[in-house]
Amino acid sequence: MERNEQKTNDTWDLSSLSTDVQAWERDLRRLEKRIGALSGIKGTLSDGSDEFHHTLTLMQEVLMEAERLGSYCFLQYSADSTDAEVMSRAGRFEAVEAKLSEALAFFDPELLGMDETLLRKFLAEKRNRDFRVFVKKSLRYKKHVLDEKGEALLSLYSPVSGSFSDAFQDLDNADLEFGEINGEKLTHSTYAKFIRSVDEETRKQAYEKLYTGYEKHRHVIARLYYGSVKNDIFAARARGYRSCLEKALFPDKVPQAVYRNLIGTIHEAFPLLHRFYSIKARHLKKERLNHYDVYMPLADDVKVSYCYDEAVEIIREAVMPLGKEYSDTLVAGLTKERWVDRYENRGKRSGAFSAGGYVGKPYILTNYENEVLDSVFTLIHEGGHSMHSWYSVRNNPFMSYNYTIFEAEVASTFNEQLLTYHLMKSTEDPGLRKYLIGKNLDDMVATLFRQTMFAEYELMMHEDAERGIPLTVDHLRKSYRGLLEQYFGPDVAFTAQSDLEGLRIPHFYRAFYTYKYATGISASIALSEKVLSGGAKERDDYLSFLSSGGSLYPIESLKKAGVDMASPIPVRMATEKFGKLMDMYEEITG
């Protein structure tokens, strides 16, 4: 449908961000004036207690206003990218945001250059308590900040550093051609459909044509990825980090042992992962899987239909272990408070997301479909993010409310665990139970095992490059093939093209990111089992994690909730659950 054909109650209510477009325009002009006034506080941070407080207060107010105005135009654009006025507002906001970034460039060097005794004295004042976490986190970077000249040079280089990723995205999304399958153009989007086709020949053709496209450009893509890795090495060494991994984990204060323990613990679980592919081969009635078979769902589709309101009632029941406040707040947000933009329309962004800011509601975009059970899982997943934001905003000042991606994936996948538990408990239908178990297994392979394989590959390639080993196309492919064979095991056959998969993963241009998916699902499994088998204390511990926002580092906040991600135990618990799910699947399928 067109955007203007949507029913009002099916769309989100953005009035908590701005009453209307005219108010937004007025507030944007006012923000521009305030940005211009920021030049008057440059160089005053150390002048005295009043100047210190005034600088931080003004900065907080401007950043909060920018977040609110940016959220408004981002959400409008996400709902309808065909609206020229919406696109114009988004472009104008980006220009203002760039001016704000430039105007605040003085702050970090001034803060890090302050006398520590004076800084502690200022922070001890009651009126500055809302800034303490933010300042203390900023000070961790002190030994990695260069002098003024060095920072100026890095700033000049910054726009160039993303060129490798940009070039890959242009090649991958615009220039690569993969041909057609059954008269339909093969794209990244249609590949996801073809590779799950019940017709094996369709899967095979899609696989071969996709990788033929990458093979034609393998040398260029390898050069781009090597350039991205060398850029990571430059950035790490320029700032005094001992390795790329250390630099990547530093902002979240995650010990390198967490990353390496994840890989080691998943290696211990290879027999379970190989058993999974053996089960999938039997499900597809094949002696051995081909690589183009592994994305076929383990469970057949089930015929279910839940309208949006029915889905909300299912979600209400599923999240009841988290208490009445959580359940009532989420249900109200999904319905009468209009956090959610529910259905597809022309120009609307695909998929789903949660976008919670300090001001306004924790909004959710989804493209709900009544007859797709995954739509219910998507809604409760995004609801987990939104409730994380809801608790965080109510328990933290603006400068330290934002939680990390490391923590965010816990809150969303935790809710999916609750939904699976609720649906399994409330049905005797063997078809639905088989579907739920199969979906859970496929999701765990995609999130826990596959993302760990990506994380291991990134670490191998960065460490090779740091040792001076050139990342040629042959070296990249040989390394990736070795991991494919280790992870997939003896029941999966590969072609000569299979290792080209390592050249097509966009996440590799954002180094050391994928491990957070694996740690997130491990933590959510451990925490959901504690809450479901525990009582008020376990529930309150989890809610305190949601409430901590950015006040703690992720390892600390999760430990407060009852799971120690510095230990291999949560990952081991996740792999053990994976094994139990396979037992259940084999029992129900005979």
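Everything here concerns the structure above.
What this report covers is the structure whose coordinates are included nearby. Think of each chain on its own: its residues are numbered from 1, step by step along the sequence as written. At least 70 in pLDDT is required for a residue's local features to be given in this predicted model, at least 80 for side-chain atom pairs to be given and counted, and no such filter applies to totals for whole chains, interfaces and linings, which use all residues. Each side-chain value is derived from all of the structure's non-hydrogen atoms; neither hydrogens nor water enter the calculation.

1. With respect to the nonpolar core
Test applied: Residues grouped as a nonpolar core are buried Ala, Val, Leu, Ile, Met, Phe, Trp, Tyr and Cys residues, joined through side-chain atoms within 4.5 Å. Only protein chains enter the accessibility calculation, which uses a 1.4 Å probe. A residue is then buried if its area is under 20% of the maximum for its type, exposed if over 50%, and partly exposed in between. Strands here mean DSSP runs of E at least two residues long; helices mean DSSP runs of H or I at least four residues long; both are numbered from the N terminus. For this analysis, residues touch if any pair of their heavy atoms sits within 4.5 Å.
Judged by nonpolar contacts, the single largest core of 134 residues is most densely connected at Tyr 259, Tyr 277, Tyr 326, Leu 334, Leu 441, Tyr 542 and Leu 558. Per element, the largest residue contribution to this core is 16 residues, and it comes from helix α19 (residues 430–466). Every residue in contact with Leu 558, bar those within four places of it in the chain, is listed here: Phe 406, Val 410, Ala 523, Leu 527, Phe 545, Val 563 and Met 565. One finds Leu 58, Phe 93, Phe 106 and Phe 107 within the second-largest nonpolar core, a separate group that totals 42 residues.

2. Things to note about the packing of α19 against helix α20 (residues 473–488)
Rules: Every axis corresponds to a line fitted to the C-alpha atoms, with the helix fit spanning only the stretch in contact, and the corresponding angles, defined between N-to-C directions, vary from 0 to 180 degrees. Crossings are sorted by hand: turned counterclockwise from the far helix by less than a right angle, the near helix makes the crossing left-handed, and turned clockwise it makes it right-handed.
It is the contact of α19 with α20, at a shortest axis distance of 11 Å, that shows an interaxial angle of 145°. Every pair of crossing elements has a handedness; the one defined by α19 and α20 is right-handed. Touching Phe 449, Thr 452, Met 453, Phe 454, Glu 456, Tyr 457, Met 460, Met 461 and Asp 464 of α19 are His 475, Leu 476, Ser 479, Tyr 480, Leu 483, Leu 484 and Tyr 487, all from α20.

3. A look at the environment of Phe 52
Inspection of the secondary structure puts Phe 52 in helix α2 (residues 49–79). Judged by its relative accessible area of 0%, Phe 52 falls in the buried class. Sequence-distant contacts of Phe 52, that is, excluding residues within four places in its chain, are made with Leu 45, Met 114, Leu 119, Phe 122, Leu 123 and Asn 128.

4. Here we look at the pattern of salt bridges
Selection criterion: Any carboxyl oxygen of Asp or Glu that lies within 4 Å of a side-chain nitrogen of Lys or Arg is treated as forming a salt bridge with it.
Counted under the stated rule, the structure contains 39 salt bridges. Linking Arg 260 and Glu 463 is a salt bridge whose minimum nitrogen-to-oxygen distance equals 3.0 Å. Pair noted here: Arg 260 is in helix α13 (residues 256–268) and Glu 463 is in helix α19, with a separation of 203 residues, a long-range link. Given the relative accessible area of 24%, Glu 463 is considered partly exposed.

5. Let's talk about the packing of helix α17 (residues 373–395) against helix α18 (residues 405–425)
Stated formally: For this classification, under 35 degrees means roughly parallel, over 145 means roughly antiparallel, 65 to 115 means roughly perpendicular, and everything else is oblique.
Following both chains from N to C, one finds α17 and α18 inclined at 135°, their axes separated by 8 Å at the closest point. As judged from the angle between their axes, α17 and α18 are oblique. As α17 packs across α18, the resulting crossing turns out to be right-handed. Along its contact with α17, which presents Val 376, Phe 377, Ile 380, His 381, Gly 383, Gly 384, His 385 and His 388, the element α18 presents Glu 407, Ala 408, Glu 409, Ala 411, Ser 412, Thr 413, Asn 415, Glu 416, Leu 419, Thr 420 and Leu 423.

6. What to know about helix α24 (residues 569–589)
Convention followed: Take the residue count of a helix, subtract one, and multiply by 1.5 Å to get its expected span.
Helix length check: α24 (21 residues) gives 30 Å between terminal C-alpha atoms against 30 Å at 1.5 Å per residue, within 8%. The inward-facing, buried residues of α24 contact α13, α14 (270–283), α18, α19 and α21 (515–533). Where α24 ends, the next residue or the one after it, Gly 590, has phi of about 75°, a positive value.

7. A closer look at the sheet that holds strand β4 (residues 340–341)
The following threshold applies: For two strands to be treated as a pair, DSSP must find at least two bridges joining them.
Taken together, the three strands give an open sheet; going across it, the order is β4-β6-β5, and neighbouring strands pair in mixed fashion. Since the sheet does not close on itself, it has two edges, and those belong to β4 and β5 (353–355), each with one partner. Here β4 runs beside strand β6 (residues 363–365); their pairing, made up of two bridges, is parallel. The partner of Val 340 across the bridge, within β6, is Ile 364. Along the sheet face, α2 touches β5 and β6 and points at about 155° away from the line of β5.

8. Some thoughts on the packing of aromatic side chains
Rules: Working definition: a ring pair exists when centres of Phe, Tyr or Trp rings (six-membered ring for Trp) sit within 6.5 Å. Plane angles under 30 degrees give stacked, over 60 give edge-to-face, the rest tilted.
Applying the stated criterion across every chain, the model contains 39 aromatic pairs. Residues Tyr 308 and Tyr 343 carry aromatic rings whose centres are separated by 6.5 Å and whose planes lie at 70° to one another, so their mutual orientation is edge-to-face. With Tyr 308 in helix α15 (residues 308–318) and Tyr 343 in the loop between β4 and β5, the pair connects residues that are 35 residues apart, well separated along the chain. For Tyr 308, a relative accessible area of 2% gives the class buried. Summarising the aromatic geometry, the rings of Phe 488 and Phe 494 are spaced 5.7 Å apart at their centres and angled 80° between planes, so their arrangement reads as edge-to-face. Comparing Phe 488 with Phe 494 shows no difference in burial state: the two are buried. Members of the aromatic cluster, each reached through a chain of ring pairs, are Phe 168, Tyr 225, Phe 454, Tyr 457, Tyr 480, Phe 508 and Tyr 509.

9. Focus on the environment of Arg 433
Definition in use: Definition of a polar contact: a pair of N or O atoms within 3.5 Å, with one able to donate and the other able to accept a hydrogen when the atoms are protein atoms, and with sequence-neighbouring residues admitted only if both atoms are side-chain atoms.
Here Arg 433 shows up in helix α19. A residue is classified by how much of its surface remains accessible, and Arg 433, at 22% relative accessible area, is partly exposed. Once the C-alpha coordinates of Arg 433 and Ala 248 are considered, the two residues, 185 residues apart in sequence, prove to be 40 Å apart. When sequence neighbours within four positions are dropped, the list of residues in contact with Arg 433 reads Met 424, Thr 427, Glu 428 and Ile 588. For Arg 433, the side chain forms a polar contact with the main-chain oxygen of Met 424, separated by 2.7 Å.

10. Thoughts on α17
In a regular helix each residue adds 1.5 Å, so 23 residues correspond to 33 Å; α17 covers 34 Å between its end C-alpha atoms and thus fits that length. Taken across its 23 residues, α17 has 19 buried, putting it largely inside the fold.

11. Some details on the side chain of Arg 338
What counts, and what does not: Counting rule applied: Lys, Arg positive; Asp, Glu negative; His and chain ends not counted.
Residue placement: Arg 338 occurs in the loop between α16 (324–334) and β4. It turns out Arg 338 is buried and unbridged, and the closest side chain with the opposite charge, Asp 13, is 4.6 Å from it. Among the polar contacts made by the side chain of Arg 338, one reaches the main-chain carbonyl oxygen of Trp 12 at a distance of 3.4 Å. Residue contacts for Arg 338: discarding those within four places in its chain leaves Thr 8, Asn 9, Thr 11, Trp 12, Asp 13, Ala 332, Gly 333 and Tyr 363.

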